[in-house]
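So the chains spell out like this:
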Amino acid sequence: MTKKNSSDKSAGLSRRTLLRAGAATIGAAAFPMPVIAQTKPFAGVTLRGASFQHRFFTLLQNYIPEFEAQTGMKVDLQLSAFPVYNQQANLELSSGGSAFDFVNVTFILAARWVAAGLLANLDEFTGDPNLTPAEWKPKDFVEGAQVAYRDAKGATYGYSWEGGAMVMGLSRMDLMEKKGLKIPKTFAELQQVCAEINGTDGVTGIVSFQLHHWCLPPYIQGFGGNIFRNPPTDIMPALNSPEAVQAVEFYANLLKNYAPKGVLTYTEDQARQALLTGRSNIFIHSSAWITPILMSGDSKVKDTSRVVRMPAGPVRDFPAANSQGLGIPKNAKNKKAAWEFIKWALSPEISMRLVKEHGHSSVCRRSVIESEEYRKLNTVNGQDLGALYLEVLGLPAKGENYMAYRTVKEFPIVGDVLNKAFEQVATGQLPAQAAMNAAQEQAIANMRRAGTAL
């Protein structure tokens, strides 16, 4: 027999290898593997993100394993208390750090971070069809919830995952009806209802909580004032204007005379519990904190509750509205992976799952809020809570952006001063005019110390 030389063996092996490879290719074409299984572009990536603790993230964590399986990446989401997160994130971003790939863009800090160039321009991702499909629809987000995350040129640095629309909850309509009282629509009517109900069956007229720079400004604006003279262009504080002083007196009077003892130190949970149990008749806050009187299994007042617009002031009707957003730090190491996560977490599909599977209603996608599924879940006792939420959340984008005061980078400085001044009035330490005169001086001094030119 003639022996085959080594080159013949190589040729034979090569042919057999090619034949097997060809058969495998034909098989793959006939039975293609799932795209995600074929390509996991972020395999081996550990994505690091941070935010403050919130129910949205608690719910989202149930779905993150699905996202990890789809993309191949691991998500390390760090959650901490609101003030702790804000302090840590502000320090990390301001120092140019790269510890986080995505962050919560806190509403009251958004303008500061955007103006300082600390966040990545997300239009670069939404404008690339290879990174963002058309059906993701950036313009689907409620306009009023997005204004805080844009720069002066209109570029986008965050997308909202949570909307806060200030509404009024009334837990004891039964007591009001017995006294012939109607739902208050003005500040004057609000005070009258609080006075009439307070003390009836052990119920207080109103309840609130300790974040006064959220609760108080709608009253200041309602009387015709503002926190700054004309934000965002003119940021001279206006804390001692006649309108602001009048509002402080009015709101302090409500809490001193018609709220539970110790209300100035109440947390949001304590205030909500007072409403849920019917111990307090009125609570004015973001819808997510008010609607449980109708929707929560813990509510004792479902049959006697109403959720409506906050009463209007004598000059303006400006119920507060805010949002929280997700963004990408400018120096993040894994920007594309971070966008993949944000795109998934705020997709129409995940938003709808949060609504349908968990009753999470404070999403910011208009298409979800206006869907039949959302409307069915959020219509209780004939009250269309979704329509009310959408109406208030969208107001700052219609006409005057009256929430501009809260998005300028100096607001946290002035907000702290406002908190202290209001407490001095509500506790009787100082009359309103004196407290607000001092607050005005302190706010200007603190702003200048922080480098603001006035």
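The rules behind the values
- Residues numbered from 1 in each chain as written.
- Predicted model: local features only at pLDDT ≥ 70, side-chain atom pairs only at ≥ 80, totals over all residues.
- Heavy atoms only, no water.
- Helix = DSSP H or I, 4+ residues; strand = E, 2+ residues; numbered from the N terminus.
- Buried < 20%, exposed > 50% of the residue type's maximum accessible area, 1.4 Å probe, protein only.
- Contact = heavy atoms within 4.5 Å.
- Areas by Shrake-Rupley, 256 points an atom, 1.4 Å probe, with all protein chains shown as cover.
- Axes fitted to C-alpha atoms, helices over the stretch in contact; angles between N-to-C directions.
- Parallel < 35°, antiparallel > 145°, perpendicular 65-115°, else oblique.
- Left-handed = near helix turned anticlockwise from the far one by under 90°.
- Nonpolar A, V, L, I, M, F, W, Y, C, P; charged D, E, K, R; others polar.
- Core = buried A, V, L, I, M, F, W, Y, C linked by side-chain atoms within 4.5 Å.
- Disulfide = S-S within 2.5 Å.
- Phe/Tyr/Trp six-rings, centres within 6.5 Å; stacked < 30°, edge-to-face > 60°.
- Lys NZ or Arg CZ within 6 Å of the ring centre and 35° of its normal.
- Polar contact = N/O pair within 3.5 Å; in protein donor to acceptor, adjacent residues only side chain to side chain.
- Salt bridge = Lys/Arg side-chain N within 4 Å of Asp/Glu carboxyl O.
- pLDDT = per-residue confidence, 0-100.

Our next topic: the overall build of the protein. A count of helical and extended segments in the protein gives 24 helices and 12 strands. The C-alpha extent of the protein, read off along each of the three principal axes, is 115 × 55 × 35 Å. In the protein, which comprises 454 residues, the proportion classed as buried is 53%. Long-range contacts, defined as pairs at least 24 residues apart, comprise 75% of the intrachain contacts of the protein with a sequence gap of at least 6. Accessible surface, the protein as shown: approximately 20700 Å² in total, 52% of it carbon and sulfur.

Running from N to C, helix α13 (residues 242-258) and helix α24 (residues 432-449) point in directions that differ by 125°, and their axes come no closer than 9 Å. By the angle between their directions, the pair α13 and α24 is classed as oblique. For the pair α13 and α24, the crossing hand works out as right-handed. Contacts between α13 and α24 involve Val-245, Val-248 and Glu-249 from the former and Ala-432, Gln-433 and Met-436 from the latter. Among the residues making up the contact of α13 with α24, the classes are represented as 4 nonpolar, 1 polar and 1 charged.

Turning next to the nonpolar core. By size, the foremost hydrophobic cluster in this structure holds 148 residues, and its most contacted members are Tyr-219 and Phe-341. Among the elements that line this core, the one with the most residues is α13, at 10 residues.

One covalent bond between the sulfur atoms of two cysteine residues makes up a disulfide. Taken as a whole, this structure holds 0 disulfides when the rule is applied. With no disulfide of its own, Cys-215 has Cys-194 as its nearest cysteine by sulfur position, at a separation of 13 Å. Sulfur of Cys-364: no disulfide; nearest cysteine sulfur belongs to Cys-215 and is 20 Å away.

Let's shift gears to the packing of aromatic side chains. Aromatic ring pairs are reported here in terms of the distance separating the ring centres and the angle at which the planes meet. Taken as a whole and judged by the stated rule, the model has 25 aromatic pairs. Taking 4.8 Å as the distance between ring centres and 25° as the angle between the ring planes, the aromatic pair formed by Tyr-219 and Tyr-251 counts as stacked. Pair noted here: Tyr-219 is in helix α12 (residues 217-222) and Tyr-251 is in helix α13, with a separation of 32 residues, a long-range link. In this structure Tyr-251 comes out as buried when scored by relative accessible area, which is 2%. The interplanar angle of 70° and the centroid separation of 5.7 Å between the aromatic rings of Phe-223 and Phe-250 together place this pair among those described as edge-to-face. Here Phe-223 is found in the loop between α12 and β6 (228-230), whereas its partner Phe-250 is found in helix α13, with 27 residues between them in sequence. Note on accessibility: Phe-223 and Phe-250 belong to one class, buried. Every member of this aromatic cluster is reached through a ring pair, and the members are Phe-187, Tyr-219, Phe-223, Phe-250, Tyr-251 and Phe-422. Cation over ring: Arg-365 sits above Trp-136, and NZ or CZ is 4.9 Å from the ring centre.

Each neighbour pair has its own omega, and for Pro-231 with Pro-232 the value is 5°, a cis peptide bond. Phi at Asp-201 is positive, roughly 55°, even though this residue is not glycine. Checked against the element boundaries, Asp-201 lands in the loop between α10 (187-197) and β5 (204-207). The class for Asp-201 is exposed, based on a relative accessible area of 60%.

Attention shifts here to helix α21 (residues 385-394). Counting buried positions along α21 yields 8 of 10 residues, so the element is predominantly enclosed. Burial in α21 covers these residues: Leu-385, Gly-386, Leu-388, Tyr-389, Leu-390, Val-392, Leu-393 and Gly-394. Among the residues of α21, the N-terminal cap falls to Asp-384, whose side-chain oxygen and the backbone nitrogen of Gly-386 are separated by 3.3 Å.

Here we take up the side chain of Thr-106. Structurally, the position occupied by Thr-106 is in the loop between β3 (102-105) and α6 (107-115). Contact partners of Thr-106, with chain neighbours within four places excluded, come to Phe-82, Tyr-85, Asn-86, Trp-113 and Gln-324.

Let us look at α6. With respect to burial, α6 is a largely interior element, 7 of its 9 residues being buried. Where α6 is concerned, the buried positions are Phe-107, Ile-108, Leu-109, Ala-110, Ala-111, Trp-113 and Val-114. Contacts from the buried residues of α6 go to α5 (82-94), β3, β10 (321-327), α22 (404-407) and α23 (411-426). Gly-117, located one to two residues past α6, shows a positive phi value of around 70°.

What follows concerns the packing of helix α4 (residues 64-71) against helix α17 (residues 335-345). Orientation of α4 relative to α17, taken along the N-to-C sense of each, is 135°, at an axis distance of 11 Å. Comparing the axis directions of α4 and α17 gives the class oblique. As for how α4 packs across α17, the hand of that crossing is right-handed. Of the residues in α17, those touching α4 at Ile-64, Phe-67, Gln-70 and Thr-71 are Glu-340, Phe-341 and Trp-344.

The next subject is the pattern of salt bridges. Counted by the stated rule, this structure contains 15 salt bridges. The closest approach of N and O atoms between Glu-372 and Arg-375, which form a salt bridge, is 3.5 Å. Here the residue Glu-372 and the residue Arg-375 both occupy positions in helix α20 (residues 372-377), the gap between them amounting to 3 residues, near one helical turn. Owing to a relative accessible area of 44%, Glu-372 belongs among the partly exposed residues under this scheme. A salt bridge links Lys-409 to Glu-410; its shortest N-O distance comes to 2.8 Å. Here Lys-409 falls in the partly exposed class, since its relative accessible area comes to 39%. Put simply, Glu-66, Arg-353 and Glu-357 are held in one network by salt bridges that share partners.

Overall, the prediction assigns the protein a mean pLDDT of 91, with 91% of residues at 70 or greater. Low pLDDT, under 50, characterises residues 1-38; the predicted model gives this stretch 5 contacts beyond four residues in sequence or across chains.

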